[in-house]
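# Structural characterization, general
Spelled out from the first residue to the last, the chains are:
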Amino acid sequence: MTDGAIKGYAEADARWTCGNCGRPLKPGPVVLTYLGSEFTVELMRCTACGLVLVPEDLALGRMAEVEKLLEDK
Amino acid sequence: MDQARLRTLESRCIQEEPPRCRAACPLHVDARALCGHVASGEVDKAWAVLKRHMPLPSVLARICDQPCRAACLRGEAGDPVRVGDLERAVARNPEPLTRTLPVPPRQGRVLVAGAGPSGLTAAWDLAKKGWRVTVVTTAPGPGGPLRDLPPGLLPPEVLDTEIKRLESMGVAFRLESPANPLTSVPEGFDAALVALDDPAQGMASSDAPEPDTLAIGEGLFACGEPVGDPPSWVGLMASGRKAAVSLDRFLQKVSLTAGRDREGPFETRLFTNIEGVEPLPETPMADPAGYSLDEAGAEAARCLDCQCLECVKACPYLAHFQSHPKAYARQIYNNAAIVKGHHTANILINSCMLCGLCTQLCPENFPMAETCLTARRSMVARSKMPPSAFEFALEDMAQACSDICFLARPAPGPDGPDRCDLLFFPGCQLAGSAPDRVEAAYQGLLAADGATGLMLGCCGAPAHWAGQEAMFRDHAAMLRGHWEAMGRPTVIPACPTCLDTLRLALPEAAMESLWEYWARTGLPRGGGRPLPQAAPAVLDPCSARREPGMRQGARAVLKTLGVETLELPRLTGELAFCCGYGGLAHNANPPLADETARQRAAESEADYVTYCAMCRDRLARVGKRVVHVMDLLFASPNESDPAARPDPGFSGRRENRALLRARLLRTIWKEDQAMPDTEAVVLRMSPEVAALLEQRRIMPDDVRRAVAGAESSGRRLTDPATGRRLASFKPRTVTFWVEYSPLEDGFEVFNAWCHRMEIKAVPS
């Protein structure tokens, strides 16, 4: 995960809608941070209230790898 | 750790010490490597081993008188390996061509007077270093006593080939009458050497050479004094090599004596365990002329391939990182020195079980656990400890000491508030694993002595193991406060790790393990006490290794119960090994910790009986049938098979602790205590989902709070097609996601995951 928006969602994530606003989620840039490092990732989020989805595949896959790398830095 | 400390540490691991054969060889030929290659039929590689250390290899390989054989460890389990015959078998095969890099010539000129084995060796070594060497000898030419050997042993053409090779290396041979005795370096040369094993040439001044350097004068050296009868060929060549080292140093104007202590044969520090090695006789030689390659292969295969690895053979952790403590110490040292880049040894440091079995097994007591713990403390102090390494275990410790689980009370009743002579400390893992047994044990202790108080909570082991020194000190101070308020009672821990840790945390407290206490005072009244059908093997936990009294106490309790037991074949008592929980290895490296538990489970086919709750649960987790002594004491008659009791897991243990505290307050202290509100949000999930959450270390309490939060705030995602909802919740550093749907009486959970990365901003 480097600078620039990396795609962090799958098409299947479009099944979720915002329970708050009732709107479908749309992909957009989200800034993630861990141990002082920041990354911009394209994630599904509510365009109205900003509620973001971190899907399981991302959390347990790439995100976990990057967390590990940063922890050992 | 500084450089000096690293060196001291490294020197305590002897795995890289040479095997006996190599240490005994005056030239330090690697006979162990030779045997390996001959055994696997790799003649070219065997040749390469010979060429690495031998001068005139095709000569020496044929005539070597194998002083290594007398030192060979195989001799203590059968006959020593016939290394000399292996060398000859290799030497009968064509020498593989190897490219030698030309050495830049140097200005110094060396005269070698005498062309016997020592003189030729010196010429070989000095020419390889680029010195301009002239060898003088008389007719019939170079070789000296080598010319007198039977041609079947050393064909003359083999010697001639090596002489030609010397010439191609720049060595000049001159036939001339000896100008003896040589008392100074002759004109035209910068240094000179008299090789005494060439009778035609070798005469030095009557002074014996200086033994450490073979010097007989300024720039003048003597070698080749025959030793033994018949003289050892390899010994003569080693003498030439020793003189060549001195000459080289003389010409380079450096110390002649520094760092030469292991130049000749020496005693290695390498230890090799030959327990259980089957004795094997030497391989017969069909043709007296020498071994065939097949015969040589069979003979070489008898080599024990001497290694120490005492620790690595026993510990899956040490084996996992594919090296040995000497190398690990350096990796740990380097890890701390990294400023930019990845700390690749973090996982090495954090995976150690800190049990210390390796130190016990090590001939030099290498302190691996201490090295890892020191490194962890340093990482914590420098804020370099990966947050995920031990956080879950430290949260578990915090939960065990939270208001809902912690309890420190004198006994109820007339004695209680005024007198507390004994303090039962079951340990938070036993409380989490078998709360009903803890309750029965306390009831039994109270019945025997009405002045027995109770402390439910954590001993602080996770903080200690995680390298969190300040946290451990604070925790110890908290425990001390309660202990002093109760009148400094004698502490009775049930858990071996608690005993070990409380000795650190409360060194001033008198302590006696529960097992010793019961062995001394008699057992409490028990439950159904179903005896095991077959004798179980006693599994000593690693934390009881330094506690012989506790080990004997547990066995005495089992004997009183009428339980016949077996002993494990090796890793028991003082050599007890860890189940994978120790040092929080299960937290930093779960797969390795599980492998460790499986290995521990496989030590005996028998069921196990142990007195450590973590050993019990971790082995149960990998499918081993195992009971805790508490199970044998207090299982109720309707519990048909306590050895099959499943591991309650982290979530189960947390809930059990809270339930135990509430229950004891009600039953023992008669306080109107509401049971913990664990069911405020009713969760339902399939066993598969429950197992998944346990594996991901997502606790039901966090799931409940995620769902409750999402339901009350409305901040959640929904899937209109299925009606499922998705909640996220970040109570501390970790963010939890829970996929669920509402039921009439609660919620069904389908999935949950978590991550540590945080959402910082959502640009619109």
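Going by the structure above, here's the rest.
The following paragraphs examine the structure supplied in this document. (Residues numbered from 1 in each chain as written. Chains lettered and ligands numbered in written order. Predicted model: local features only at pLDDT ≥ 70, side-chain atom pairs only at ≥ 80, totals over all residues.)

### A few points about the sheet that holds strand β13 (residues 608-610) of chain B
Residue and element names in this part refer to chain B.
- Taken together, the 4 strands give an open sheet; going across it, the order is β12-β11-β13-β14, and neighbouring strands pair in parallel fashion. Edge positions in the open sheet fall to β12 (566-567) and β14 (626-628), since each of these has one partner strand only.
- Pairing geometry for strand β11 (residues 537-539) and β13, over 3 bridges, is parallel. Bridging from a neighbouring strand, V538 pairs with V609 of β13. (Pairing = 2+ DSSP bridges. Helix = DSSP H or I, 4+ residues; strand = E, 2+ residues; numbered from the N terminus.)

### What about the environment of A127 of chain B?
Residue and element names in this part refer to chain B.
- Position of A127 relative to the elements: it lies in helix α8 (residues 117-128).
- On the basis of neighbour counts, which here come to 25 C-beta atoms within 10 Å, the residue A127 falls in the buried class.
- When the C-alpha atoms of A127 and P105 are compared, they prove to be 8.8 Å apart, with 22 residues separating the residues in sequence.
- Contact partners of A127, with chain neighbours within four places excluded, come to V133, L166, M169, G170 and V171. (Buried ≥ 20, exposed ≤ 12 C-beta atoms within 10 Å, placed from the backbone. Contact = placed C-beta atoms within 7 Å.)

### Focus on the interface of chain A and chain B
- Between chain A and chain B, the residue contacts involve 28 residues of the former and 30 residues of the latter.
- Every element with two or more residues in the side of chain A that touches chain B is listed here: β2 (17-18), β3 (26-34), β4 (37-45), α1 (56-60) and α2 (62-71) of chain A.
- The biggest single contributor to the side of chain A that touches chain B is β3 of chain A, with 6 residues.
- Residue classes in the side of chain A that touches chain B are distributed as 15 nonpolar, 5 polar and 8 charged.
- Both β3 of chain A and strand β20 (residues 758-761) of chain B contribute to a ladder of 3 bridges, which runs antiparallel. Among the inter-strand pairings, T33 of chain A is bridged to a residue of β20 of chain B, identified as E758 of chain B. (Nonpolar A, V, L, I, M, F, W, Y, C, P; charged D, E, K, R; others polar.)

### Observations concerning unusual backbone geometry
Residue and element names in this part refer to chain B.
- Here the phi dihedral of L214 falls at roughly 65 degrees; this positive angle occurs in a residue that is not glycine.
- Looking at where L214 falls in the secondary structure, it is placed in the loop between β4 (191-195) and β5 (215-217).
- Residue classification places L214 among the buried residues on the basis of 27 C-beta atoms within 10 Å.
- A positive phi is found at K253, a non-glycine position, where the angle reads about 60 degrees.
- Position of K253 relative to the elements: it lies in the loop between α10 (233-252) and α11 (293-300).
- Under the C-beta neighbour-count criterion, K253 is labelled exposed, with 6 such atoms within 10 Å.

### Some remarks on the packing of helix α24 (residues 514-521) of chain B against helix α25 (residues 548-560) of chain B
Residue and element names in this part refer to chain B.
- At a minimum axis distance of 7 Å, the contact between α24 and α25 shows a crossing angle of 50 degrees. Here α25 runs oblique to α24, going by the angle between their axes. Crossing of α24 against α25: the hand is left-handed. Where α24 abuts α25, its residues W515, E516, W518 and A519 lie against G549, M550, G553, A554, A556 and V557. (Axes fitted to C-alpha atoms, helices over the stretch in contact; angles between N-to-C directions. Parallel < 35°, antiparallel > 145°, perpendicular 65-115°, else oblique. Left-handed = near helix turned anticlockwise from the far one by under 90°.)

### What about the pairing of strand β3 (residues 172-175) of chain B?
- By the bridge criterion, 4 bridges tie strand β2 (residues 132-137) of chain B to β3 of chain B in an arrangement that is parallel. In the sheet register, V136 of chain B faces β3 of chain B, and the bridge partner there is R174 of chain B.

### Some details on the packing of helix α27 (residues 590-601) of chain B against helix α28 (residues 613-621) of chain B
All names here are of chain B.
- At a minimum axis separation of 9 Å, α27 and α28 run at an interaxial angle of 95 degrees. Taken together, the axes of α27 and α28 are roughly perpendicular relative to one another. Of the residues in α28, those touching α27 at A597, R600 and A601 are R618, L619 and R621.
- When grouped by side-chain class, the residues that make up the contact of α27 with α28 number 3 nonpolar, no polar and 3 charged.

### A closer look at the nonpolar core
- A123 and L193 of chain B are the most contacted members of the largest nonpolar core, which totals 209 residues.
- Among the elements that take part in this core, α10 of chain B stands out by supplying 10 residues, more than any other.
- With residues up to four places along the chain from it excluded, the contact list for L193 of chain B reads V110, V112, A113, A122, F221, C223, A243 and L247 of chain B.
- Within the second largest apolar cluster, 44 residues are counted, among which are L43 and C46 of chain A together with L683 and C754 of chain B. (Core = buried A, V, L, I, M, F, W, Y, C linked by C-beta atoms within 7 Å.)

### A word on the sheet that holds strand β1 (residues 6-7) of chain A
- Pairing within the open sheet is mixed, and its 4 strands lie in the order β1(A)-β4(A)-β3(A)-β20(B). A single partner strand is all that each edge strand has here, and the edge strands are β1 of chain A together with β20 of chain B.
- Across 9 bridges, the pairing between β3 of chain A and β4 of chain A is antiparallel. Residue pairing across strands places K26 of chain A opposite R45 of chain A, the latter belonging to β4 of chain A.

### Points about helix α22 (residues 469-485) of chain B
Residue and element names in this part refer to chain B.
- Helix length check: α22, at 17 residues, gives a terminal C-alpha distance of 24 Å against a target of 24 Å (1.5 Å per residue), a fit within 8%.
- Every buried residue of α22 is accounted for by F472, H475, A476, L479 and W483. Each buried residue of α22 sits inside an arc of 100 degrees when the element is viewed along its axis, so together they form one side. For α22, the exposed residues set more than 90 degrees away from the buried face come down to A470, A477, G481 and A485. (Expected span 1.5 Å × (residues − 1). Arc of directions from axis to C-beta.)

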